[in-house]
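Coordinates in review
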Amino acid sequence: MPRACEVLRAAALTTMLAVTVSCSTTKEPGDELEALPADAIGAVSIGPELLEAVDDQDRTTVYAFDESGSVLGQVEGNAIYGNNILTAAHKLVSASSRAVITLTDTARIETPIDYENIVQAAVNQQETGAATIWFNSGAAEGHYSNSFVSIDADNQAHSGSVPGIVRTSAYCDGRNFTVVNESFIGTTGDPTRNQLYELLPSGEPIVRAEWEHPSDFRPADVGSACSSDGQTILALYSSRETRKNERGDQGLTLVRINVSDGSRSETALDMPGYIWNVRRGTPTAIDDRLYWISGDGDVLSVDVTGSSKVTREWTIPEGDAKTAVSVSGRTVTTVNYRGTPIFSEYDLLTGERRRSQIELPWLESIVGSETESGKNIYTISDVASLTQ
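None of these values were measured; they are calculated from a predicted model.

Let's shift gears to the overall build of the chain. Each helix and strand in the chain was counted, giving two helices and 29 strands. Residue pairs in contact within the chain that sit at least 24 positions apart in sequence constitute 48% of those at least 6 positions apart. About 17,000 Å² of surface is accessible on the chain, with carbon and sulfur atoms providing 46% of the total.

Formed by 18 residues in total, the largest nonpolar core has its most connected members in Val44, Ile46, Phe343, Leu360, Trp362, Leu363 and Ile380. If you list the elements that add at least two residues to this core, you get β1 (42-48), β2 (59-65) and β29 (378-385). If you tally residues by element for this core, the top one is β29, at three residues. When neighbours within four sequence positions are excluded, Trp362 is seen to be in contact with Pro29, Val44, Tyr63, Phe65, Gly69 and Val71. Core analysis: the next-biggest nonpolar cluster, separate from the first, contains 16 residues, Leu236, Leu254, Val278 and Leu290 among them.

Further remarks concern the sheet that holds strand β21 (residues 284-286). Strand pairing in a sheet takes place through backbone hydrogen bonds and is either antiparallel or parallel in direction. The sheet built from four strands is open, its strands ordered β21-β22-β23-β24 with antiparallel pairing. Of all the strands in the sheet, just β21 and β24 (311-315) have a single pairing partner and so form its edges. Across the sheet, the mean angle separating the axes of adjacent strands is 25° when strand polarity is ignored. As paired elements, strand β23 (residues 298-303) and β24 share four bridges and run antiparallel to each other. Paired with Leu300 across the bridge in β24 is Arg312.

With that out of the way, let us pick up the environment of Gln156. Examined against the element boundaries, Gln156 turns out to sit in the loop between β10 (143-151) and β11 (157-163). In this structure, the C-alpha to C-alpha distance between Gln156 and Ser202, residues 46 residues apart in sequence, is 9.8 Å.

The pairing of strand β19 (residues 253-258) with strand β20 (residues 264-268) spans five bridges and is classified as antiparallel. Paired with Leu254 across the bridge in β20 is Thr267. Hairpin connection between β19 and β20: a loop of five residues separates the two successive antiparallel strands, and Gly262 in this loop has a positive phi of roughly 75°.

Cut-offs applied
Residues numbered from 1 in each chain as written. Predicted model: local features only at pLDDT ≥ 70, side-chain atom pairs only at ≥ 80, totals over all residues. Heavy atoms only, no water. Helix = DSSP H or I, 4+ residues; strand = E, 2+ residues; numbered from the N terminus. Contact = heavy atoms within 4.5 Å. Areas by Shrake-Rupley, 256 points an atom, 1.4 Å probe, with all protein chains shown as cover. Core = buried A, V, L, I, M, F, W, Y, C linked by side-chain atoms within 4.5 Å. Buried < 20%, exposed > 50% of the residue type's maximum accessible area, 1.4 Å probe, protein only. Pairing = 2+ DSSP bridges. Axes fitted to C-alpha atoms, helices over the stretch in contact; angles between N-to-C directions.

Now the structure itself:
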């Protein structure tokens, strides 16, 4: 919301005048994109901050910008909570409540969907550009279901749904896997059944394995990594005890899930003093180590098959709640929006800067502004680097 509007509204409330103050958000920069600009180096997604107040009057917008920080254009749609930006060479995929949008060097492709208001999970494979977005479609007849749109390497779209709630998802050697937990309402009992789905190239979801464990032991992030041989999903799980003690002896558990038969092995991680919260979409496997970013902005890692000792590799400067973070390959991308928003890129393993910081002054008046419905405020839901 523009500062002038804040002052006017404050004055109206203070004097208790029975008048209406008319304010509007700052006009947003950039024309609607029909293709991915060749000189775009980054993108940021803006959407509603409060899940319970998502309204179809509001918007989700992805802005693409160049190395000077200037906006090159935008992709705008009806508001959806938790939108992600999935990028690969010459490709960007994101969502609104009515469509999944794919931008390539030469085209904009929109895949219509039934109304959805929550992105449950979003994963892609950088090597091929394949991407899948899962939506939390809510409950019908007492049971939850999640829908998906999967975009293949040739930009063909496939859609469908599965019963239950997606807990974590990953691409392994070109194959698309998802762990789904049964979920129901209006009945007693503990939903303990978990299923490992593979989305076939045709878009058909196939159950590859099934197992049971207590529902309070679940993935800490909806995006998981995959082993270098493509045979094992590497997922970070949290228990009820873990979530009760933010810092302490109860840390995360590394769960290895074999994609062939669903067999699992678990290692309780030794991570005293480190927060268990995992930044969305940051788990990444490189060689024999799994890396992720905590809620504190610590870049943590652990040996995939060896010691359970968690190592802090480095810490994102000002990596607090006012910093949006994503990981793609070995690149950590951030936008700190405490004051003038600043775009940065770092090497995941070393913390070295990959480019000079870029200011995004046009973003400052958008983040924190009131949505069109007046029920929500706009915030950054994701940030991404674009491969040139």
